[in-house]
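Letter by letter, the chains look like this.
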Amino acid sequence: MAEDSDLERTEDATPQRIQKAREEGQVARSQELTTFTLLLAAAAGLVFMGGGLIEHLSNIMREGMQMERDIAFQTDLMINRLYLLAIEGLRSLVPILVLLVIAAFLAPMLLSGWLFSTKALIPDFKRLNPASGFGRIFSVHGLTELLKAIAKTLIVGSVATLVIWGNKESVLALIAIPVNSGVTRTGELLILSFLLITGAMILIVAIDVPFQLWSHAKKLRMTKEEIRREAKESEGDPLIKGRIRSLQREAARRRMMSEVPEADVIVTNPTHYAVALRYKSNSMRAPKVVAKGVHLLAARIRELGETHHVPILEAPPLARALYHHAELDAEIPEKLYTAVAEVLAYVFQLKRYQDYGGDKPRPLEEIHVPHELDVPVPDSAE
(Lines give C-alpha, C1' and ligand atoms only; values in the text may rest on other atoms or scores of the structure.)
Protein backbone atom coordinates (compact mmCIF):
# COMPACT_ATOMS: atom_id res chain seq x y z
CA MET A 1 0.00 0.00 0.00
CA ALA A 2 1.10 3.55 -0.64
CA GLU A 3 0.73 4.52 3.00
CA ASP A 4 3.20 1.82 3.97
CA SER A 5 5.92 2.79 1.49
CA ASP A 6 9.24 4.17 2.65
CA LEU A 7 8.38 7.52 1.10
CA GLU A 8 5.35 7.80 3.38
CA ARG A 9 7.22 6.74 6.52
CA THR A 10 8.37 10.22 7.45
CA GLU A 11 7.52 10.27 11.18
CA ASP A 12 9.81 9.15 13.99
CA ALA A 13 8.69 6.05 15.86
CA THR A 14 6.54 6.65 18.92
CA PRO A 15 7.54 5.27 22.35
CA GLN A 16 4.83 2.60 21.97
CA ARG A 17 6.26 1.50 18.63
CA ILE A 18 9.81 1.37 20.02
CA GLN A 19 8.66 -0.64 23.05
CA LYS A 20 6.76 -3.08 20.85
CA ALA A 21 9.84 -3.54 18.67
CA ARG A 22 11.96 -4.26 21.77
CA GLU A 23 9.44 -6.88 22.91
CA GLU A 24 9.83 -8.53 19.51
CA GLY A 25 13.63 -8.43 19.82
CA GLN A 26 14.10 -5.64 17.27
CA VAL A 27 16.87 -3.37 18.55
CA ALA A 28 19.90 -1.71 17.06
CA ARG A 29 22.82 -4.13 16.90
CA SER A 30 26.38 -3.59 15.74
CA GLN A 31 28.28 -6.77 14.92
CA GLU A 32 31.42 -4.71 14.56
CA LEU A 33 31.04 -3.38 18.11
CA THR A 34 30.61 -6.92 19.42
CA THR A 35 33.65 -8.15 17.47
CA PHE A 36 35.76 -5.22 18.64
CA THR A 37 34.72 -5.78 22.28
CA LEU A 38 35.67 -9.45 22.08
CA LEU A 39 39.03 -8.67 20.49
CA LEU A 40 39.67 -5.94 23.06
CA ALA A 41 38.84 -8.36 25.89
CA ALA A 42 41.16 -10.94 24.36
CA ALA A 43 43.91 -8.33 24.05
CA ALA A 44 43.44 -7.27 27.68
CA GLY A 45 43.58 -10.91 28.72
CA LEU A 46 46.81 -11.41 26.83
CA VAL A 47 48.35 -8.27 28.32
CA PHE A 48 47.54 -9.13 31.92
CA MET A 49 47.59 -12.93 31.72
CA GLY A 50 49.73 -13.59 28.64
CA GLY A 51 53.01 -13.96 30.50
CA GLY A 52 51.68 -16.59 32.85
CA LEU A 53 49.83 -18.32 30.02
CA ILE A 54 52.93 -18.58 27.83
CA GLU A 55 55.00 -19.86 30.72
CA HIS A 56 52.36 -22.43 31.64
CA LEU A 57 52.02 -23.65 28.04
CA SER A 58 55.82 -23.81 27.71
CA ASN A 59 56.02 -26.00 30.80
CA ILE A 60 53.30 -28.26 29.38
CA MET A 61 55.18 -28.56 26.08
CA ARG A 62 58.48 -29.19 27.85
CA GLU A 63 56.90 -31.86 30.05
CA GLY A 64 55.20 -33.46 27.07
CA MET A 65 58.47 -33.86 25.19
CA GLN A 66 60.37 -35.30 28.11
CA MET A 67 59.70 -38.98 28.65
CA GLU A 68 61.49 -42.24 29.30
CA ARG A 69 62.24 -44.52 26.39
CA ASP A 70 60.10 -47.36 27.77
CA ILE A 71 57.02 -45.12 28.03
CA ALA A 72 57.34 -44.06 24.38
CA PHE A 73 56.54 -47.62 23.25
CA GLN A 74 53.50 -48.06 25.53
CA THR A 75 50.48 -46.78 23.61
CA ASP A 76 48.09 -46.76 26.57
CA LEU A 77 50.43 -44.67 28.69
CA MET A 78 51.10 -42.24 25.85
CA ILE A 79 47.37 -41.66 25.23
CA ASN A 80 46.74 -41.13 28.96
CA ARG A 81 49.70 -38.71 29.14
CA LEU A 82 48.41 -36.79 26.13
CA TYR A 83 44.97 -36.59 27.76
CA LEU A 84 46.36 -35.19 31.01
CA LEU A 85 48.49 -32.61 29.19
CA ALA A 86 45.48 -31.52 27.06
CA ILE A 87 43.36 -31.06 30.21
CA GLU A 88 46.17 -29.05 31.80
CA GLY A 89 46.47 -26.86 28.69
CA LEU A 90 42.73 -26.26 28.60
CA ARG A 91 42.74 -25.35 32.28
CA SER A 92 45.40 -22.72 31.61
CA LEU A 93 43.12 -21.15 28.98
CA VAL A 94 40.04 -21.03 31.26
CA PRO A 95 40.64 -17.45 32.60
CA ILE A 96 40.82 -15.99 29.09
CA LEU A 97 37.85 -18.06 27.92
CA VAL A 98 35.76 -16.86 30.88
CA LEU A 99 36.75 -13.28 30.06
CA LEU A 100 35.64 -13.77 26.44
CA VAL A 101 32.30 -15.29 27.49
CA ILE A 102 31.61 -12.30 29.76
CA ALA A 103 32.57 -9.89 26.97
CA ALA A 104 30.33 -11.73 24.48
CA PHE A 105 27.43 -11.45 26.94
CA LEU A 106 27.94 -7.75 27.72
CA ALA A 107 28.94 -6.47 24.26
CA PRO A 108 25.41 -6.41 22.73
CA MET A 109 24.17 -4.49 25.79
CA LEU A 110 26.49 -1.57 25.06
CA LEU A 111 24.22 -0.34 22.27
CA SER A 112 20.66 -1.24 23.28
CA GLY A 113 20.84 -2.28 26.91
CA TRP A 114 19.52 -5.48 28.45
CA LEU A 115 16.91 -7.28 26.36
CA PHE A 116 15.34 -10.71 26.67
CA SER A 117 12.58 -11.55 24.22
CA THR A 118 11.03 -14.96 23.71
CA LYS A 119 9.46 -13.77 20.44
CA ALA A 120 12.92 -13.61 18.91
CA LEU A 121 13.28 -17.37 19.58
CA ILE A 122 10.12 -18.30 17.63
CA PRO A 123 11.04 -19.87 14.26
CA ASP A 124 10.24 -17.64 11.28
CA PHE A 125 9.87 -19.83 8.20
CA LYS A 126 9.62 -16.74 5.98
CA ARG A 127 13.39 -16.45 6.34
CA LEU A 128 13.71 -19.76 4.45
CA ASN A 129 12.07 -18.24 1.38
CA PRO A 130 14.78 -18.10 -1.37
CA ALA A 131 13.17 -15.04 -2.95
CA SER A 132 13.37 -13.13 0.33
CA GLY A 133 16.95 -14.28 0.79
CA PHE A 134 18.00 -13.00 -2.64
CA GLY A 135 16.12 -9.80 -1.91
CA ARG A 136 18.16 -9.27 1.25
CA ILE A 137 21.41 -10.05 -0.57
CA PHE A 138 20.80 -7.56 -3.38
CA SER A 139 19.22 -4.89 -1.19
CA VAL A 140 20.69 -1.63 0.06
CA HIS A 141 21.44 -3.37 3.36
CA GLY A 142 23.30 -6.14 1.55
CA LEU A 143 25.32 -3.62 -0.44
CA THR A 144 26.14 -1.74 2.76
CA GLU A 145 27.34 -4.94 4.45
CA LEU A 146 29.51 -5.73 1.40
CA LEU A 147 31.12 -2.29 1.49
CA LYS A 148 31.70 -2.65 5.24
CA ALA A 149 33.38 -6.02 4.72
CA ILE A 150 35.65 -4.59 2.00
CA ALA A 151 36.52 -1.55 4.14
CA LYS A 152 37.21 -3.74 7.15
CA THR A 153 39.47 -6.02 5.11
CA LEU A 154 41.40 -3.05 3.69
CA ILE A 155 41.82 -1.28 7.04
CA VAL A 156 42.74 -4.34 9.09
CA GLY A 157 44.90 -5.76 6.29
CA SER A 158 46.77 -2.46 5.88
CA VAL A 159 47.41 -2.12 9.61
CA ALA A 160 48.51 -5.76 9.84
CA THR A 161 50.90 -5.27 6.92
CA LEU A 162 52.39 -2.15 8.50
CA VAL A 163 52.78 -3.89 11.86
CA ILE A 164 54.47 -6.96 10.36
CA TRP A 165 56.70 -4.89 8.09
CA GLY A 166 57.66 -2.58 10.94
CA ASN A 167 58.70 -5.54 13.13
CA LYS A 168 60.42 -7.63 10.45
CA GLU A 169 63.85 -6.98 11.94
CA SER A 170 62.66 -8.08 15.38
CA VAL A 171 61.18 -11.24 13.87
CA LEU A 172 64.40 -12.06 12.01
CA ALA A 173 66.43 -11.41 15.16
CA LEU A 174 64.57 -14.23 16.94
CA ILE A 175 66.78 -16.73 15.10
CA ALA A 176 69.90 -15.57 16.93
CA ILE A 177 68.62 -15.51 20.54
CA PRO A 178 68.17 -18.40 23.01
CA VAL A 179 64.95 -20.40 22.96
CA ASN A 180 63.61 -19.17 26.32
CA SER A 181 64.24 -15.53 25.43
CA GLY A 182 62.87 -16.16 21.93
CA VAL A 183 59.59 -17.56 23.27
CA THR A 184 59.17 -14.55 25.54
CA ARG A 185 60.04 -12.10 22.77
CA THR A 186 57.67 -13.87 20.37
CA GLY A 187 54.83 -13.56 22.87
CA GLU A 188 55.53 -9.85 23.28
CA LEU A 189 55.53 -9.30 19.52
CA LEU A 190 52.29 -11.24 19.09
CA ILE A 191 50.54 -9.28 21.85
CA LEU A 192 51.76 -5.94 20.45
CA SER A 193 50.65 -6.85 16.93
CA PHE A 194 47.29 -8.06 18.19
CA LEU A 195 46.71 -4.80 20.08
CA LEU A 196 47.59 -2.63 17.08
CA ILE A 197 45.44 -4.63 14.67
CA THR A 198 42.53 -4.60 17.14
CA GLY A 199 42.91 -0.85 17.58
CA ALA A 200 42.44 -0.43 13.83
CA MET A 201 38.83 -1.59 14.24
CA ILE A 202 37.99 1.52 16.27
CA LEU A 203 37.49 3.41 13.01
CA ILE A 204 35.12 0.73 11.73
CA VAL A 205 33.13 0.74 14.99
CA ALA A 206 32.96 4.57 14.99
CA ILE A 207 31.29 4.41 11.57
CA ASP A 208 29.12 1.32 12.09
CA VAL A 209 27.49 2.23 15.44
CA PRO A 210 25.91 5.53 14.27
CA PHE A 211 24.89 3.83 11.02
CA GLN A 212 23.14 0.97 12.87
CA LEU A 213 21.32 3.44 15.14
CA TRP A 214 20.19 5.45 12.11
CA SER A 215 19.21 2.32 10.18
CA HIS A 216 17.18 0.97 13.10
CA ALA A 217 15.40 4.30 13.60
CA LYS A 218 14.62 4.45 9.88
CA LYS A 219 13.23 0.91 9.93
CA LEU A 220 10.83 1.86 12.75
CA ARG A 221 9.59 5.06 11.09
CA MET A 222 5.83 5.37 10.83
CA THR A 223 3.32 6.97 8.53
CA LYS A 224 1.01 9.72 9.75
CA GLU A 225 -1.90 7.30 9.45
CA GLU A 226 -0.12 4.75 11.68
CA ILE A 227 0.49 7.41 14.33
CA ARG A 228 -3.17 8.48 14.24
CA ARG A 229 -4.30 4.86 14.45
CA GLU A 230 -1.96 4.16 17.36
CA ALA A 231 -3.16 7.26 19.21
CA LYS A 232 -6.75 6.19 18.68
CA GLU A 233 -6.03 2.68 19.95
CA SER A 234 -4.08 3.88 22.99
CA GLU A 235 -6.51 6.61 23.98
CA GLY A 236 -9.65 4.77 22.96
CA ASP A 237 -12.59 5.70 20.75
CA PRO A 238 -13.93 9.18 21.65
CA LEU A 239 -17.52 7.92 21.81
CA ILE A 240 -16.58 5.06 24.12
CA LYS A 241 -14.43 7.35 26.28
CA GLY A 242 -17.30 9.84 26.51
CA ARG A 243 -19.68 7.07 27.54
CA ILE A 244 -17.23 5.83 30.18
CA ARG A 245 -16.81 9.35 31.59
CA SER A 246 -20.59 9.75 31.66
CA LEU A 247 -20.99 6.49 33.58
CA GLN A 248 -18.21 7.52 35.97
CA ARG A 249 -19.88 10.87 36.63
CA GLU A 250 -23.21 9.16 37.20
CA ALA A 251 -21.65 6.69 39.65
CA ALA A 252 -19.91 9.54 41.48
CA ARG A 253 -23.19 11.48 41.61
CA ARG A 254 -25.01 8.47 43.10
CA ARG A 255 -22.31 8.06 45.74
CA MET A 256 -22.53 11.75 46.55
CA MET A 257 -26.31 11.72 46.86
CA SER A 258 -26.13 8.72 49.19
CA GLU A 259 -24.18 10.91 51.63
CA VAL A 260 -26.83 13.64 51.81
CA PRO A 261 -29.07 11.91 54.41
CA GLU A 262 -26.05 11.75 56.77
CA ALA A 263 -25.27 15.47 56.47
CA ASP A 264 -25.62 17.86 59.43
CA VAL A 265 -26.75 20.85 57.36
CA ILE A 266 -27.38 21.93 53.77
CA VAL A 267 -26.34 25.48 52.92
CA THR A 268 -28.26 26.96 49.97
CA ASN A 269 -28.30 30.04 47.71
CA PRO A 270 -31.38 29.37 48.10
CA THR A 271 -32.18 27.86 44.68
CA HIS A 272 -29.07 27.84 42.53
CA TYR A 273 -26.50 26.36 44.94
CA ALA A 274 -26.65 23.64 47.58
CA VAL A 275 -23.75 22.32 49.70
CA ALA A 276 -24.18 19.54 52.27
CA LEU A 277 -21.81 19.53 55.25
CA ARG A 278 -21.02 16.94 57.88
CA TYR A 279 -18.93 17.25 61.04
CA LYS A 280 -18.00 14.61 63.60
CA SER A 281 -15.96 16.17 66.38
CA ASN A 282 -14.44 12.84 67.45
CA SER A 283 -13.11 11.89 63.99
CA MET A 284 -12.85 15.05 61.89
CA ARG A 285 -10.48 17.96 62.19
CA ALA A 286 -12.89 20.25 60.30
CA PRO A 287 -16.31 20.00 58.60
CA LYS A 288 -16.32 18.14 55.31
CA VAL A 289 -18.30 18.70 52.11
CA VAL A 290 -20.24 15.50 51.36
CA ALA A 291 -22.33 16.82 48.45
CA LYS A 292 -22.64 19.94 46.32
CA GLY A 293 -24.39 20.99 43.15
CA VAL A 294 -26.07 23.72 41.16
CA HIS A 295 -29.48 24.08 39.54
CA LEU A 296 -31.17 20.67 39.15
CA LEU A 297 -28.58 18.88 41.23
CA ALA A 298 -28.95 21.50 43.96
CA ALA A 299 -32.72 20.98 43.89
CA ARG A 300 -32.20 17.22 44.23
CA ILE A 301 -29.90 17.75 47.24
CA ARG A 302 -32.49 19.97 48.91
CA GLU A 303 -35.23 17.43 48.16
CA LEU A 304 -33.24 14.61 49.74
CA GLY A 305 -32.45 16.82 52.72
CA GLU A 306 -36.13 17.58 53.30
CA THR A 307 -37.05 13.90 52.98
CA HIS A 308 -34.49 12.90 55.63
CA HIS A 309 -35.05 15.95 57.85
CA VAL A 310 -31.63 17.47 57.28
CA PRO A 311 -31.60 21.16 58.34
CA ILE A 312 -31.51 23.53 55.35
CA LEU A 313 -30.05 26.99 55.88
CA GLU A 314 -30.17 29.85 53.38
CA ALA A 315 -26.79 31.62 53.30
CA PRO A 316 -26.12 32.70 49.67
CA PRO A 317 -22.54 34.06 50.05
CA LEU A 318 -21.44 31.04 52.10
CA ALA A 319 -23.12 28.58 49.71
CA ARG A 320 -21.34 30.11 46.72
CA ALA A 321 -18.00 30.20 48.55
CA LEU A 322 -18.29 26.56 49.63
CA TYR A 323 -19.30 25.42 46.16
CA HIS A 324 -16.41 27.17 44.37
CA HIS A 325 -13.62 26.81 46.95
CA ALA A 326 -14.30 23.51 48.78
CA GLU A 327 -13.56 20.14 47.17
CA LEU A 328 -16.06 17.32 47.34
CA ASP A 329 -15.38 14.81 50.13
CA ALA A 330 -12.71 17.13 51.55
CA GLU A 331 -12.46 19.52 54.48
CA ILE A 332 -13.61 23.08 53.98
CA PRO A 333 -10.99 25.84 53.48
CA GLU A 334 -9.50 27.18 56.66
CA LYS A 335 -10.74 30.72 55.88
CA LEU A 336 -14.34 29.48 56.08
CA TYR A 337 -13.96 27.85 59.51
CA THR A 338 -15.58 30.79 61.36
CA ALA A 339 -18.56 31.09 59.03
CA VAL A 340 -19.25 27.36 59.00
CA ALA A 341 -18.80 27.16 62.79
CA GLU A 342 -21.57 29.75 63.22
CA VAL A 343 -23.86 27.70 60.96
CA LEU A 344 -23.15 24.41 62.74
CA ALA A 345 -23.55 25.99 66.17
CA TYR A 346 -26.95 27.35 65.14
CA VAL A 347 -28.00 23.98 63.66
CA PHE A 348 -26.97 22.03 66.78
CA GLN A 349 -28.79 24.53 69.04
CA LEU A 350 -31.87 24.27 66.83
CA LYS A 351 -31.81 20.47 67.00
CA ARG A 352 -31.47 20.57 70.80
CA TYR A 353 -34.43 22.93 70.97
CA GLN A 354 -36.50 20.61 68.75
CA ASP A 355 -35.59 17.53 70.80
CA TYR A 356 -35.63 18.89 74.35
CA GLY A 357 -37.37 22.30 74.21
CA GLY A 358 -36.08 25.36 76.05
CA ASP A 359 -35.12 28.68 74.54
CA LYS A 360 -35.40 28.82 70.78
CA PRO A 361 -32.12 29.94 69.19
CA ARG A 362 -32.13 33.31 67.52
CA PRO A 363 -31.99 33.20 63.71
CA LEU A 364 -28.57 33.81 62.23
CA GLU A 365 -27.86 37.25 60.93
CA GLU A 366 -25.80 37.77 57.76
CA ILE A 367 -22.85 35.38 57.76
CA HIS A 368 -19.53 36.99 56.98
CA VAL A 369 -17.47 35.40 54.18
CA PRO A 370 -13.89 36.57 53.51
CA HIS A 371 -13.81 38.96 50.58
CA GLU A 372 -11.33 36.87 48.56
CA LEU A 373 -13.66 33.83 48.78
CA ASP A 374 -16.87 35.70 48.03
CA VAL A 375 -18.10 34.75 44.55
CA PRO A 376 -20.20 37.36 42.67
CA VAL A 377 -23.81 36.44 42.06
CA PRO A 378 -24.21 35.16 38.48
CA ASP A 379 -26.75 36.86 36.24
CA SER A 380 -28.89 33.75 36.14
CA ALA A 381 -29.15 33.77 39.92
CA GLU A 382 -30.33 37.33 40.27
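A short tour of the structure in this document, coming up. Just so we're clear, the structure is a prediction, and the values are computed from it rather than from any experiment.

1. A closer look at the overall build of the protein
Each helix and strand counted, the protein has 15 helices and four strands in total. Summing over all exposed atoms, the protein offers an accessible surface of approximately 26,000 Å²; the carbon and sulfur share of this is 62%.

2. Things to note about helix 2 (residues 31-64)
Helix length check: helix 2, at 34 residues, gives a terminal C-alpha distance of 40 Å against a target of 50 Å (1.5 Å per residue), a shortfall beyond 12%. In the structure, helix 2 departs most strongly from a straight axis at M49, where the bend amounts to approximately 70 degrees.

3. So, the pattern of salt bridges
If charged atoms from side chains of opposite charge come close, those side chains can pair. If you walk through the whole model with that rule in mind, you get 12 salt bridges. The partner of E250 in a salt bridge is R254, with the nearest N and O atoms 3.8 Å apart. Of the two residues, E250 and R254 both sit in helix 12 (residues 238-259), four residues apart, roughly one turn of that helix. Here R254 falls in the exposed class, since its relative accessible area comes to 52%. A salt bridge links E303 to R300; the nearest nitrogen and oxygen atoms lie 3.3 Å apart. Of this pair, E303 and R300 both sit in helix 13 (residues 296-307), three residues apart, which is roughly one turn of that helix. Here the salt bridges share partners, and the residues they tie into one network are E225, R228 and R229.

4. Details of the side chain of S92
Mapping S92 onto the fold places it in helix 4 (residues 75-106). For S92, a relative accessible area of 11% corresponds to the buried category. Sequence-distant contacts of S92, defined by excluding residues within four places in its chain, comprise L53, H56 and L57.

Calculation notes
- Starting afresh in each chain, residues are numbered from 1 along the sequence in its written order.
- Local features in this predicted model are restricted to residues whose pLDDT is 70 or higher, and side-chain atom pairs enter the listing and the counts only when it is 80 or higher, whereas totals over whole chains, interfaces and linings include all residues.
- With hydrogens and water set aside, each side-chain value is computed from the structure's full complement of heavy atoms.
- Strands here mean DSSP runs of E at least two residues long; helices mean DSSP runs of H or I at least four residues long; both are numbered from the N terminus.
- The Shrake-Rupley method, run with a 1.4 Å probe, gives the accessible areas here. Residue values count only the displayed protein chains as cover.
- Here the expected length of a helix is defined as 1.5 Å per residue gap, with one fewer gap than residues.
- The seven residues ending at a residue and the seven starting there each receive a fitted axis; the angle between those axes is the bend at that residue.
- Salt bridge, as used here: a side-chain nitrogen of Lys or Arg that lies within 4 Å of a carboxyl oxygen of Asp or Glu.
- Here's how the labels work: a residue is buried when its accessible area is under 20% of the maximum for its type, exposed when over 50%, partly exposed in between, all with a 1.4 Å probe on protein chains only.
- Contacts are assigned to residue pairs with any non-hydrogen atoms lying within 4.5 Å of each other.

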